[in-house]
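Here is what each chain is made of, one letter per residue.
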Amino acid sequence: MASQVYRSASRAAKSLLSASRGSRFYSQGRTIGAAAAVSSSRKLPFFASNCGRAGSGSGPSAWLSGALALPAAVYMLQDQEVHAAEFEHTFIAIKPDGVQRGLIAEIISRFERKGFKLVGIKILTPSKEFAQKHYHDLTERPFFNGLCEFLSSGPVIAMVWEGQGVISYGRKLIGATDPQKSEPGTIRGDLAVVVGRNIIHGSDGPETAKNEINLWFKPEELVNYTGNSEKWIYEAN
């Protein structure tokens, strides 16, 4: 039984390490989390003591050696991994009209007050060719050319927001495409009047969010961090 536990933990650890993002601390922490996930609380001390004897003082075995208090810590690591996996990313852009009207802080504050986290932001004036890539799904619409000309007419604030349900709820915060049909309290309902100047864009689904983020941002331009307020926003911390 003990050898089965050890082999299961090893397989889980190798799988997690292969997906590691390159940090030695992060990799070791995930290895410990994998071991904990396949061991019961009464079996973990056996696993820890055996790994402690097998190791040479470096790597995950050094963490486990003689540390009977580690089960709580590794389960906490595991919970944080699961919790983080529930987060989504969405792409939000403040269009040239929103920038020119000085609504940047107002719009950002609405997402922040909701509890979403800003993980990427930049200001740029996209070319018309870039705008065509952004609106590629609307190429057959009669207003396509006008859309692209407008998006490339001035500075745009491009953002990536993170949070649970941020894609669908981000759309609710924004409001309907036509500001006249947007509910009061939404960004467009409160701050815009006509469709052609509706100040903001938001991804309408997971696949769109992924594609738009990849179009507007390089991976290294997104920041991975834990906000101090997250424990007050999410139930599982």
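From a predicted model like this one, the values you see are computed outputs, not experimental measurements.

Rules behind the numbers
- Residues numbered from 1 in each chain as written.
- Predicted model: local features only at pLDDT ≥ 70, side-chain atom pairs only at ≥ 80, totals over all residues.
- Heavy atoms only, no water.
- Helix = DSSP H or I, 4+ residues; strand = E, 2+ residues; numbered from the N terminus.
- Phe/Tyr/Trp six-rings, centres within 6.5 Å; stacked < 30°, edge-to-face > 60°.
- Buried < 20%, exposed > 50% of the residue type's maximum accessible area, 1.4 Å probe, protein only.
- Lys NZ or Arg CZ within 6 Å of the ring centre and 35° of its normal.
- Salt bridge = Lys/Arg side-chain N within 4 Å of Asp/Glu carboxyl O.
- Core = buried A, V, L, I, M, F, W, Y, C linked by side-chain atoms within 4.5 Å.
- Contact = heavy atoms within 4.5 Å.
- Polar contact = N/O pair within 3.5 Å; in protein donor to acceptor, adjacent residues only side chain to side chain.

A.B. asks: Can you walk me through unusual backbone geometry in this structure?
C.D. replies: Negative phi values dominate among residues other than glycine, just as trans dominates among peptide bonds. The residue Ile-199 is not glycine, and still its phi comes out positive at about 65°. With respect to the helices and strands, Ile-199 occurs in the loop between α11 (187-191) and β4 (200-202).

A.B. asks: Sorry, what's going on with the packing of aromatic side chains here?
C.D. replies: Geometry of an aromatic ring pair is reported as the spacing of the ring centres plus the angle between the planes. Scanning the model with the defined rule gives five aromatic pairs in all. Plain terms: the ring middles of Phe-111 and Phe-116 are 6.5 Å apart, the flat faces sit at 45° to each other, and that makes the pair tilted. Across the pair, Phe-116 and Phe-111 agree in class, each one buried. By way of ring pairs, the aromatic residues Phe-91, Phe-130 and Trp-216 are connected into one cluster. A cation over an aromatic ring shows up here: Lys-114 above the ring of Tyr-169, its NZ or CZ 3.8 Å from the ring centre. Against the face of Phe-217 rests Lys-122, its NZ or CZ located 4.8 Å from the ring centre.

A.B. asks: Help me out: how do you make sense of the pattern of salt bridges in this one?
C.D. replies: For side chains of opposite charge, pairing can occur when their charged atoms come near one another. Applying the stated criterion across every chain, the model contains six salt bridges. Here Glu-230 ties to Lys-117 by a salt bridge, and the two come within 2.6 Å at their closest N and O atoms. Placement of Glu-230 in helix α13 (residues 230-233) and of Lys-117 in strand β2 (residues 117-124) is noted, with a sequence separation of 113 residues between them. With respect to burial, Glu-230 and Lys-117 carry one shared label: buried. The residue Glu-221 makes a salt bridge to Lys-122 at a minimum N-O spacing of 3.0 Å. With Glu-221 in the loop between α12 (206-216) and α13 and Lys-122 in strand β2, this pair connects stretches of sequence that are 99 residues apart. Residue class for Glu-221 comes out partly exposed when judged on its relative accessible area of 33%. The partly exposed category is assigned to Lys-122, whose relative accessible area is 23%. Three or more residues joined by partner-sharing salt bridges are found here, namely Glu-106, Arg-110 and Asp-190.

A.B. asks: Please explain the nonpolar core as it appears in this structure.
C.D. replies: Soluble globular proteins tend to bury their nonpolar side chains together. Judged by nonpolar contacts, the single largest core of 21 residues is most densely connected at Ile-107, Phe-111, Trp-161, Ile-199 and Ile-200. Once you skip the residues sitting within four places of it in the chain, Trp-161 turns out to touch Glu-88, His-89, Thr-90, Ile-92, Ile-108, Phe-111, Glu-112, Phe-116, Lys-117, Leu-118 and Val-166. Formed by 16 residues, the second largest nonpolar core is a distinct cluster that contains Ala-131, Ala-158, Val-160 and Phe-217.

A.B. asks: Sorry, what's going on with the side chain of Thr-186 here?
C.D. replies: With respect to the helices and strands, Thr-186 occurs in the loop between α10 (166-174) and α11. On the basis of relative accessible area, Thr-186 is assigned to the buried category, the value being 10%. Within polar-contact distance, the side chain of Thr-186 engages the backbone nitrogen of Gly-189 at 2.9 Å. Among all residues touching Thr-186, those that are not within four sequence positions of it are Arg-110, Lys-172, Leu-173, Ile-174 and Gly-175.

The values are spatial; any link to function lies outside them.
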